[in-house]
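The residues making up each chain are set out below.
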Amino acid sequence: MTYEEVLAAARGQVGPVCRACPVCNGLACKNAMPGPGAKGLGTGAIRNYQKWQEICVNLDTICENRPADASVTLFGRRFDVPFFAAPIGALKLHYGDKYDDLGYNSVLIPACAQAGFAAFTGDGTDPAVFEGACAAMAQSGGTGIPTVKPWDRDTLFHKLELAKAAKPVAIAMDIDAAGLPFLQNLTPPAGSKTVEELREIVAACGETPFILKGIMTVRGAEKAARAGAKAIVVSNHGGRVLDQCPATAEVLPEIADAVGGDVTVLVDGGIRSGMDVFKALALGAEGVLIGRPFVTALYGAGAQGVAVYAQKLKAELLDTMAMCGVHSVGEIDRSCVRY
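Every value quoted in this text rests on a predicted model; they were computed, and no experiment measured them. (Residues numbered from 1 in each chain as written. Predicted model: local features only at pLDDT ≥ 70, side-chain atom pairs only at ≥ 80, totals over all residues. Heavy atoms only, no water.)

## Some thoughts on the overall build of the protein chain
Heads up, the rule is: Under the scheme used here, helices are H or I runs from DSSP no shorter than 4 residues and strands are E runs no shorter than 2 residues, and both carry numbers assigned from the N terminus. Only C-alpha atoms enter the radius of gyration, while the globule expectation follows 2.2 Å times N to the 0.38, with N the number of residues. Three exposure classes are used, based on accessible area relative to the maximum for each residue type with a 1.4 Å probe and protein chains only: buried under 20%, partly exposed in between, and exposed over 50%. It only takes one pair of heavy atoms within 4.5 Å for two residues to be counted as in contact. Each accessible area is a Shrake-Rupley result for a 1.4 Å probe, and residues are judged covered by the shown protein chains and nothing else.
Check the secondary structure of the protein chain and you find 11 helices and 12 strands. Relative to the globule expectation of 20 Å for 339 residues, the C-alpha radius of gyration of the protein chain, 18 Å, shows essentially globular dimensions. In terms of overall dimensions, the protein chain has a C-alpha envelope of 60 × 45 × 40 Å along the principal axes. With 339 residues in all, the protein chain has 58% of them scored as buried. For the protein chain, contacts bridging at least 24 residues in sequence account for 71% of all contacts bridging at least 6. A total of about 13400 Å² of accessible surface is found on the protein chain, and carbon and sulfur atoms cover 51% of it.

In structure tokens form, the structure reads like this:
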């Protein structure tokens, strides 16, 4: 099955807002919420995608002739590729009735593990969503990263215990979810956290690495490091929560320069191809998260769709590495791109 066939199969399965576009660039869904769009004008998701396209890679094939290796070691585990499936929640609300969150995660987690990488999973007001994700991770040898919303203290700490029991790669929090409309004025409540509150959360994770997702400034990255986060995700929540903020590609280099020696830096937002992955690594990320395309792949062809899209990304990344004269992920640096 080809990726084009996966997308064709997805059309009519996702929707009504998502159209399973040939390139998921935020233009067709724009400001549609519910749906895969964004608050306001919807410029955030569009800008995320466009800024990766403005970065050029530097061709250089005068080098040793040997195969490239896309594998990485992060959080003490080896992965075949430097990308992850990003956390997605409220599937029925945003993408259609074919999958609810439990069904989506039950397919995604083992499919990603089988393909040699891990899935971040989303969270929701229904406790069964997080419980089901943790159970699926446990069945996949802990190959997953449960992502909690910034809930109130009691809800958070209960979920952290569930997550730790699954022995996952790490535990994440999408702190930028504090701006999601559907989390406002609900029970359990959710909202911003102070550095002191985050320190308490990190301590509660124990030996499991804690990842803070939703960092868009050097100041925010430094606060995450002070709180004890093992890693950050440079992310504006897919451009969904705040209109007219910078793209992740624009802020990644300065954040990586500021805290890259202290925490693991990951990035998401508009990354759609293996060449985009390469560009993100060149700008200082150690790994990337990709969200919406995994949804359409899974809606189109289930676990096979996930495998097809993952193989496409890996093949594109390896081809870019070979054409830019690098043989390992560790060799990719800023000299490999022009921006």
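## Overview of the pairing of strand 7 (residues 171-174)
The cut-off we apply is this: For the handedness criterion, the strands are oriented away from the viewer, and a crossover whose path from the first strand over the helix to the second runs clockwise is classed as right-handed. DSSP bridges decide pairing: two strands pair if at least two such bridges lie between them.
Neither face of strand 7 is open: one carries Ile 171 and Met 173, the other Ala 172 and Asp 174, and all of them are buried. What joins strand 6 (residues 144-148) to strand 7 is helix 6 (residues 153-165), and the crossover it makes is right-handed. Relative to strand 8 (residues 210-215), strand 7 runs parallel, the two being bridged by four bridges. Across the sheet, Ile 171 pairs through a bridge with Phe 210, a residue of strand 8.

## Section: unusual backbone geometry
Residue Gly 15 is joined to Pro 16 through a cis peptide bond whose omega torsion reads 10°. When you line up the elements, Pro 16 lands in the loop between helix 1 (3-10) and helix 2 (43-53). Omega for the peptide link from Met 33 to Pro 34 comes to 5°, which places this bond in the cis form. Inspection of the secondary structure assignment puts Pro 34 in the loop between helix 1 and helix 2. Despite not being glycine, Lys 30 has its phi angle at roughly 40°, a positive value. The topology assignment puts Lys 30 in the loop between helix 1 and helix 2. Positive phi outside glycine occurs at His 237, with the angle close to 60°. As for its position among the elements, His 237 is in the loop between strand 9 (231-234) and helix 9 (248-259). You can call His 237 buried: its relative accessible area is 12%.

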